[in-house]
Amino acid sequence: VDSAFPRSPRGAVKIARALVASAAFLCFVASRSRGAYTALAVMEVVITALFFLLYFLKLDKKMSWLFWPLADIFNSVIAALFLLVVCLFAVIIKTNNGTLAGGVFGLVLLVLSVVDAVLLFQKISLDGPRGRNAPAK
């Protein structure tokens, strides 16, 4: 268990993403909005929680068959694109105040997804050594 991860910037952003996505989900459910709104919010909560657990339990080190930070970047970028489309639609249509609030929370979530992708991109060194057996320069 990596007890320092929740206090790190990446951990704090993951927690914030899960909380804001939960708030957006609650707004969409309370306003009885379309299924796409609630489905996107639920998927964001679940996927973000899974990535948080992956890093918190250090499973990314045990399952080294996938380059997890790159998968996390792809998740953040794709989530940001979906959030941009769906939440702008929710804000523009604004069926009721709950849909409007959920759309605004979704746009905040979009910003957090971009911040998460930038933090992960800064962590990755594409030209540096990756393992213990990497040759010394």
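Residues numbered from 1 in each chain as written. Predicted model: local features only at pLDDT ≥ 70, side-chain atom pairs only at ≥ 80, totals over all residues. Heavy atoms only, no water.

Chemist: Any chance you could explain the confidence of the model for the protein here in plain terms?
Modeler: As a general rule, the predicted coordinates of low-pLDDT regions are not to be interpreted in detail. Chain-level pLDDT for the protein is 88 on average; 91% of the residues reach the 70-or-more range. Confidence, expressed as mean pLDDT per element, reaches its minimum in the protein at helix α3 (residues 59-62) with 87 and its maximum at helix α1 (residues 9-30) with 94. (pLDDT = per-residue confidence, 0-100. Helix = DSSP H or I, 4+ residues; strand = E, 2+ residues; numbered from the N terminus.)

Chemist: In this structure, what is going on with empty space enclosed by the protein? I would like to understand it.
Modeler: Empty space among the atoms becomes apparent when a probe as large as a water molecule is rolled across them. Per the counting criterion, the structure on display carries one cavity of 30 Å³ or more. Volume-wise, the largest cavity comes out at about 40 Å³. Forming the boundary of the largest cavity are Ala24, Phe28, Tyr37, Leu40, Ala41, Leu83, Val86, Cys87, Gly102, Gly106 and Leu109. Where the lining of the largest cavity is concerned, the elements lending two or more residues are α1, α2 (35-56), α4 (68-93) and α5 (97-123). (1 Å grid on protein atoms, 1.4 Å probe; cavity = no way out; pocket = protein on both sides within 12 Å on 5 of 7 lines; lining within 4 Å. Points joined across faces, edges and corners; volume = space filled by probe spheres on them.)

Chemist: Is there a simple way to explain the environment of Lys58 in this structure?
Modeler: Position of Lys58 among the secondary structure elements: in the loop between α2 and α3. Taking the C-alpha atoms as reference, Lys58 lies 41 Å from Asn97; in sequence the two are 39 residues apart. Excluding residues within four positions of it along the chain, Lys58 makes contact with Val1 and Asp2. (Contact = heavy atoms within 4.5 Å.)

Chemist: Explain the pattern of salt bridges here, please?
Modeler: Any two side chains of opposite charge can pair if their charged atoms end up close together. Across all of its chains, the model carries five salt bridges by this definition. Residue Asp116 pairs with Arg17 through a salt bridge whose shortest N-O separation is 2.6 Å. Of this pair, Asp116 sits in helix α5 while Arg17 sits in helix α1, and the two are 99 residues apart along the sequence. What makes Arg17 buried here is its relative accessible area of 0%. Close ionic contact of Lys61 with Asp60 constitutes a salt bridge, the shortest N to O distance being 3.8 Å. According to the relative accessible area criterion, Lys61 is exposed, its value standing at 63%. (Salt bridge = Lys/Arg side-chain N within 4 Å of Asp/Glu carboxyl O. Buried < 20%, exposed > 50% of the residue type's maximum accessible area, 1.4 Å probe, protein only.)

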